[in-house]
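So the chains spell out like this:
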Amino acid sequence: MKLSHLNRALLTSALTLLTWTAHAETVGSVDTAFKLIGPDHKVVVEAYDDPRVNGVTCYVSRAKTGGISGGLGLAEDKAEASIACRQVGPISFPGPMKQQEEVFNQSLSILFKKLRIVRMVDQKRNALVYLTYSDKLIDGSPKNSVTAVAVDHSTPIPLK
């Protein structure tokens, strides 16, 4: 069966969209405050595999609100997170990459607050830089964290 150019483009777009909606995998958590009713407040560690870079996983720790509102999914989680991305296998690139692009986002509240992870390419140093931040401003500045993964110079990062 032959696919037309339009069908092939639509299929590629759909697969890309599915890749971008990848969910975090919970690695573990620790309780930080006891709640008599509902789940405890906690710090959660989640793993995100970069959908466009084979062999790189980002680990994000963030606060998760408990209690009744947290148990019902109505609580607003704090806009603070820490990130550490690491090489977990051979690094390879299925295709050219943008200089900068959002890799993941996850809702932290019902109303518009999201945790975002953006990948930037540091071409001079052949490194991938990952920034996490919340799009809800806190005192005029978003809380953020940054990490980098050095890529061996024998594997140049292909840019669009």
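As shown above, the structure is provided for reference.
Since the structure is predicted, the reported quantities are computational estimates derived from the model, not experimental observations.

## Here's the deal with the pattern of salt bridges
Thought 1: This model, assessed by the stated rule, comprises six salt bridges.
Thought 2: E101 is the salt-bridge partner of R52, the closest N and O atoms lying 3.7 Å from each other. With a gap of 49 residues between them, R52 in the loop between strand 2 (41-49) and strand 3 (54-64) and E101 in strand 5 (residues 100-107) connect regions that are remote in the sequence.
Thought 3: Owing to a relative accessible area of 27%, R52 belongs among the partly exposed residues under this scheme.
Thought 4: A relative accessible area of 11% means that E101 is categorised as buried.

## Observations concerning the side chain of R119
Thought 1: Secondary-structure assignment places R119 in strand 6 (residues 114-122).
Thought 2: Side chain to side chain, R119 and D50 meet in a polar contact 2.8 Å long.

## Details of the side chain of R62
Thought 1: Here R62 is to be found in strand 3.
Thought 2: The exposure class of R62 is buried, given its relative accessible area of 5%.
Thought 3: Here the side chain of R62 touches E46 through a polar contact of 3.2 Å, side chain to side chain.

## Concerning the sheet that holds strand 5
Thought 1: Spatially, 5-6-7-8 is the arrangement adopted by the four strands of the open sheet, whose pairing is antiparallel. Unpaired on one side and paired on the other, strand 5 and strand 8 (144-150) mark the two borders of the sheet. With strand direction ignored, the average angle separating the axes of adjacent strands in the sheet is 20°.
Thought 2: Summarising the sheet, strand 6 and strand 7 (residues 127-134) pair through eight bridges and their orientation is antiparallel.

## A few points about the pairing of strand 7
Thought 1: Most of strand 7 sits inside the fold, with six of its eight residues counted as buried.
Thought 2: Hairpin geometry of strand 6 and strand 7 is characterised by an intervening segment of four residues between the two adjacent antiparallel strands and by a positive phi of about 50° at N126.
Thought 3: Relative to strand 8, strand 7 is paired through seven bridges, and the arrangement is antiparallel. For L131, the partnering residue across the bridge sits in strand 8 and is V146.

## Side note on the packing of aromatic side chains
Thought 1: With the rule as written, the count across this model stands at one aromatic pair.
Thought 2: When the centroid spacing of 4.8 Å and the interplanar angle of 45° are considered together, the rings of Y48 and F104 count as tilted. Taken as a pair, Y48 in strand 2 and F104 in strand 5 lie far apart in primary sequence, 56 residues in all. There is no split in this pair, since Y48 and F104 are both buried.

Parameters and conventions
Residues numbered from 1 in each chain as written. Predicted model: local features only at pLDDT ≥ 70, side-chain atom pairs only at ≥ 80, totals over all residues. Heavy atoms only, no water. Salt bridge = Lys/Arg side-chain N within 4 Å of Asp/Glu carboxyl O. Helix = DSSP H or I, 4+ residues; strand = E, 2+ residues; numbered from the N terminus. Buried < 20%, exposed > 50% of the residue type's maximum accessible area, 1.4 Å probe, protein only. Polar contact = N/O pair within 3.5 Å; in protein donor to acceptor, adjacent residues only side chain to side chain. Pairing = 2+ DSSP bridges. Axes fitted to C-alpha atoms, helices over the stretch in contact; angles between N-to-C directions. Phe/Tyr/Trp six-rings, centres within 6.5 Å; stacked < 30°, edge-to-face > 60°.

Keep in mind these values describe shape, not function.
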